[in-house]
Amino acid sequence: MNKQNRKDASMAKPRKRRRRRRRGPGLAMPVVCLTLACAAVLTATTIFFKVKNVEALGDTRYSKSEIVQAAGIETGENLIFINKVAAINRIFDGRPYLDEVSVRRRLPDTVEIYVTECAPAAALPAAEGQYWLVDKKGKLLELVPAEGAGGLCVVAGLELQQPEAGHYADFLDKEKEKALFTILNTAENSGILKEIINIDINQIFEIRLQYTERFEVELGTVEDLTKKIGFLKSVVERLGEMDVGVVDLTDPQTARFRPE
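Since this is a predicted model, take the numbers as computed values, not measurements. (Residues numbered from 1 in each chain as written. Predicted model: local features only at pLDDT ≥ 70, side-chain atom pairs only at ≥ 80, totals over all residues. Heavy atoms only, no water.)

## Re the overall build of the chain
The helix and strand tally for the chain stands at five helices and 12 strands. Residue burial in the chain is summarised as follows: out of 260 residues, 34% are buried. Within the structure as shown, the chain displays about 15,900 Å² of accessible surface, and the carbon and sulfur contribution to it stands at 54%. (Helix = DSSP H or I, 4+ residues; strand = E, 2+ residues; numbered from the N terminus. Buried < 20%, exposed > 50% of the residue type's maximum accessible area, 1.4 Å probe, protein only. Areas by Shrake-Rupley, 256 points an atom, 1.4 Å probe, with all protein chains shown as cover.)

## A short note on the packing of aromatic side chains
By the definition in use, this model includes two aromatic pairs. Aromatic side chains Phe171 and Phe181 sit 6.2 Å apart centroid to centroid with 50 degrees between the ring planes, which places their arrangement in the tilted category. Of this pair, Phe171 sits in the loop between strand E7 (153-156) and helix H4 (174-189) while Phe181 is found in helix H4, placing the two residues 10 residues apart along the sequence. The burial state of Phe171 is the same as that of Phe181; both residues are buried. Relative to Phe257, the ring of Phe215 lies with its centre 6.1 Å away and its plane at 70 degrees, an arrangement referred to as edge-to-face. (Phe/Tyr/Trp six-rings, centres within 6.5 Å; stacked < 30°, edge-to-face > 60°.)

## Describing the pattern of salt bridges
Applying the stated criterion to the full structure yields 13 salt bridges. The closest approach of N and O atoms between Arg106 and Glu112, which form a salt bridge, is 2.6 Å. Glu112 sits in the buried class, given a relative accessible area of 11%. A salt bridge links Glu218 to Arg208, with the shortest nitrogen-to-oxygen separation between them at 3.4 Å. Of this pair, Glu218 sits in strand E10 (residues 215-220) while Arg208 sits in strand E9 (residues 207-211); the two residues are 10 residues apart in sequence, bridging distant segments of the chain. Note on Arg208: relative accessible area 31%, which makes it partly exposed. (Salt bridge = Lys/Arg side-chain N within 4 Å of Asp/Glu carboxyl O.)

Structure representation (structure tokens):
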């Protein structure tokens, strides 16, 4: 490279550096604008979105005013920053019959609390003639005397461990536990749960049901339970109003009726 070219090259480099320095302040502007916009949004949120109304929606045994009070959401709180998880936990606390609770914000100033209630599905024997009411998901609802379990199917053959209202049932035998809730859920989905008076699950391979006052059902196992219940309904529909006996469902492919 001759002297003239080296001179030109040395003069060109500073010009490039000067051009880069001129672009620098322009790149900072979007960052500043974004920061100001975020600050404006945060300020508006803090100032304008205040809780004025807290409403409970859904019918349960707990009053709407009790649900609202339990949520612990105060008027004047910032609507955006309310702690929904903490509110839901407070609502559930001490209210075992609540099934689902959700908290929603409705702009500009309202909190809506949606609640649904558990329904007892069965009664589990406890000490001194009492029963634990349990829903189809296995949640223990309350301990009641014998008359409080009227109209529910009574379950025999399962041992509860450290039962507590509002908590899920913990059984010593997990296979029996699984079988029980398979029966409860399938029976409810098939529309016959209210017709089952008791469930005997002492033997996991020889489960028995009392279906209305007229029929003892030999279920065997819960294998193909939906099909077995279909057979049961079909057999009962074909029988007369005075027929009484045993419906054998131990074979998943057929049903047999033995009159008594």
